[in-house]
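So the chains spell out like this:
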Amino acid sequence: MSAQPAPTFYQSLLAGGVAGTAVDLLFFPIDTVKTRLQSSQGFIRAGGFKGVYKGVGSVVVGSAPGAAVFFCTYDTLKKTLPFPAEYAPLTHMLAASVGEVAACSIRVPTEVIKTRTQTSTYGSAAQSSWAAARMVMSTEGVRGFYRGYGSTVMREIPFTSLQFPLYELLKKRLAKVLERPLHAYEAAVCGSFAGGVAAALTTPLDVLKTRVMLDLRDPAKQAHPSLAQRFAQIYRVEGAKALFAGVVPRTLWISAGGAVFLGVYEWAVHALMGAPV
């Protein structure tokens, strides 16, 4: 079986941007339902099933650059980290983790605007992504766009540490069985399974991230609880069930989204490299 050549930096950049935009636009309504389920104000008050594309503007702006940064970092580190082949899962784990930290510098501002628009946090004062962004800037400044950066990174590193080693392992095993490089749709199946497993196991961290981003209290006037304190408070006041709020839509959309995200990425990479898709 011949080894599949690695994509170049610019091929990863372009393919990642295409993949990120495709998956975020396609599954945005499910993400809205998941976010509203996790909101402390409750699903109905956060908007229920109405206006499920509220906040999509921020995703249109942020998806492509965020995913592009992730895949550029991930693919570059996969080739340059000095670990032998038998430590491939460690290589994939570290490469994905560093990629997520880099991508979060773009993704978190997008997430802040998106979650607040999805849940009508500002009411009638900010019904669009642009209005929500202006509201964040006027009330919290630039720091407001990075509200929840720590909790997002804390969610993404465990998520990618599960998803990408599993994804790469499944691809390797399937390619070995088929005795050829995988087509994009076959890689998509591996991505779907890996994404669903990682999504279900990291749902409590996703709930924590959502609550932090929707907390409008001014940290200069009132001290915010630490992530550990916030986690304990949710468990104590609302029970363990609240930590898994939205687990079904999250698992479904990331499982399906993993297939689209990684499938489109593999398709775009193969097309840019002139390989069969």
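Numbering of residues begins from 1 in every chain and follows the order in which that chain's sequence is written. pLDDT decides what is reported in this predicted model: residues at 70 or higher carry local features, side-chain atom pairs at 80 or more are listed and counted, and totals for whole chains, interfaces and linings draw on all residues regardless. Side-chain metrics rest on all non-hydrogen atoms present in the structure, leaving aside hydrogens and water.

1. Let's talk about the overall build of the chain
Within the chain one finds 11 helices and 0 strands. For the purposes of this entry, the term helix denotes a DSSP run of H or I that reaches at least four residues, the term strand denotes a run of E that reaches at least two, and both are numbered from the N terminus. Listing each helix as α and each strand as β along the chain from the N terminus yields α-α-α-α-α-α-α-α-α-α-α. Once the C-alpha set of the chain is aligned to its principal axes, its extents read approximately 60 × 35 × 35 Å. Per-residue accessibility, obtained with a 1.4 Å probe over protein chains only, is compared with the maximum for each type, and a residue is labelled buried under 20%, exposed over 50%, and partly exposed between these values. Taken over 277 residues, the chain has a buried fraction of 48%. Here, Shrake-Rupley sampling with a 1.4 Å probe gives the accessible areas, and only protein chains in the shown set may cover a residue. Counting only carbon and sulfur atoms, one obtains 68% of the accessible surface of the chain, whose full area is about 13000 Å². In this tally Asp and Glu are treated as negative and Lys and Arg as positive; neither His nor the chain ends contributes. Charged groups are reduced to one reference atom each: NZ for lysine, CZ for arginine, CG for aspartic acid, CD for glutamic acid. Considering the chain, the positive charge centre built from 27 side chains and the negative charge centre built from 16 side chains are found 7 Å apart.

2. Considering the packing of helix H8 (residues 203–213) against helix H9 (residues 227–238)
Between H8 and H9, the least distance of the axes is 10 Å, while the angle of their chain directions is 105°. Of the possible angle classes, the one that applies to H8 and H9 is roughly perpendicular. Seen from H8, the contacting residues are Pro204, Val207, Leu208, Arg211 and Val212; seen from H9, they are Leu227, Arg230, Phe231, Ile234 and Glu238. Each residue belonging to the contact of H8 with H9 can be placed in one class, and the counts come to 7 nonpolar, no polar and 3 charged. Working convention: axes come from line fits to C-alpha atoms, limited for helices to the stretch in contact. Angles between N-to-C directions cover 0 to 180 degrees. With respect to orientation, any angle under 35 degrees is reported as roughly parallel, any angle over 145 as roughly antiparallel, any angle of 65 to 115 as roughly perpendicular, and every other angle as oblique. Contact criterion: two residues are considered in contact whenever any of their non-hydrogen atoms come within 4.5 Å of each other. Amino acids are sorted into nonpolar (Ala, Val, Leu, Ile, Met, Phe, Trp, Tyr, Cys and Pro), charged (Asp, Glu, Lys and Arg) and polar (every other residue, Gly among them).

3. Comments concerning H8
The buried fraction of H8 is high, at 11 of 11 residues. For H8, the complete set of buried residues consists of Thr203, Pro204, Leu205, Asp206, Val207, Leu208, Lys209, Thr210, Arg211, Val212 and Met213.

4. Quick notes on the packing of aromatic side chains
Only the six-membered ring of Trp is used, alongside the rings of Phe and Tyr, when aromatic pairs are assigned; centres must lie within 6.5 Å, and planes under 30 degrees apart are stacked while those over 60 apart are edge-to-face, with the rest tilted. Following the criterion strictly, the structure yields 11 aromatic pairs and no others. Summarising the aromatic geometry, the rings of phenylalanine 28 and tyrosine 53 are spaced 5.9 Å apart at their centres and angled 15° between planes, so their arrangement reads as stacked. Placement of phenylalanine 28 in helix H2 (residues 28–38) and of tyrosine 53 in the loop between H2 and helix H3 (56–80) is noted, with a sequence separation of 25 residues between them. A residue is classified by how much of its surface remains accessible, and phenylalanine 28, at 2% relative accessible area, is buried. Overall, tyrosine 53 belongs to the partly exposed group, its relative accessible area being 44%. One aromatic cluster is present, formed by Phe70, Phe71, Tyr74, Phe164, Tyr167, Phe261 and Tyr265 through successive ring pairs.

5. Considerations on the nonpolar core
Ranked by size, the top nonpolar core spans 30 residues in total, and within it Phe70, Phe71, Tyr74, Phe164, Tyr167 and Phe261 carry the most contacts. If you list the elements that add at least two residues to this core, you get helix H1 (9–26), H3, helix H4 (88–118), helix H6 (149–178), helix H7 (184–201) and helix H11 (247–273). With residues up to four places along the chain from it excluded, the contact list for phenylalanine 164 reads Phe70, Phe71, Tyr74, Ala96 and Leu262. Ranked by size, the runner-up nonpolar core spans 12 residues in total, among them Cys104, Ile113, Ala126 and Ala133. Throughout, nonpolar core names a set of buried Ala, Val, Leu, Ile, Met, Phe, Trp, Tyr and Cys residues whose side chains join them through atoms within 4.5 Å.

6. Here we look at the side chain of arginine 250
Within the element layout of this structure, arginine 250 appears in helix H11. On the basis of relative accessible area, arginine 250 is assigned to the buried category, the value being 3%. What arginine 250 contacts, discounting residues up to four positions off in sequence, is Lys34, Arg155, Phe159, Ala199, Thr202, Thr203 and Asp206.

7. Concerning a nonpolar patch on the surface
To count toward a patch, a residue needs a relative accessible area over 30% and no salt bridge; like charges are then connected within 9 Å, while nonpolar side chains (Val, Leu, Ile, Met, Phe, Trp, Tyr) are connected within 5 Å. Every case where a carboxyl oxygen of Asp or Glu lies within 4 Å of a side-chain nitrogen of Lys or Arg is listed as a salt bridge. Residues Leu14, Val18, Trp267 and Leu272 make up a contiguous nonpolar surface patch of about 360 Å² in total accessible area. For the nonpolar patch, the secondary structure elements donating two or more residues are H1 and H11. Secondary-structure assignment places tryptophan 267 in helix H11. The partly exposed category is assigned to tryptophan 267, whose relative accessible area is 44%.

8. Section: the pattern of salt bridges
A full pass over the atoms with the stated rule returns 19 salt bridges. Linking arginine 155 and glutamate 156 is a salt bridge whose minimum nitrogen-to-oxygen distance equals 2.3 Å. Exposure remark for glutamate 156: the relative accessible area of 7% places this residue in the buried category. Between arginine 155 and aspartate 206 there is a salt bridge; the shortest N-O distance is 2.4 Å. Highlighted residues: arginine 155 in helix H6 and aspartate 206 in helix H8, separated in sequence by 51 residues. The exposure class assigned to arginine 155 is buried, which follows from its relative accessible area of 7%. For aspartate 206, a relative accessible area of 0% puts it in the buried group. Connected through salt bridges with shared partners, the residues Asp31, Lys34, Glu100, Arg107, Glu111, Lys114, Arg155, Glu156, Asp206, Lys209 and Arg250 form a single ionic network.

So far we have only geometry, and geometry alone does not tell us how the molecule works.
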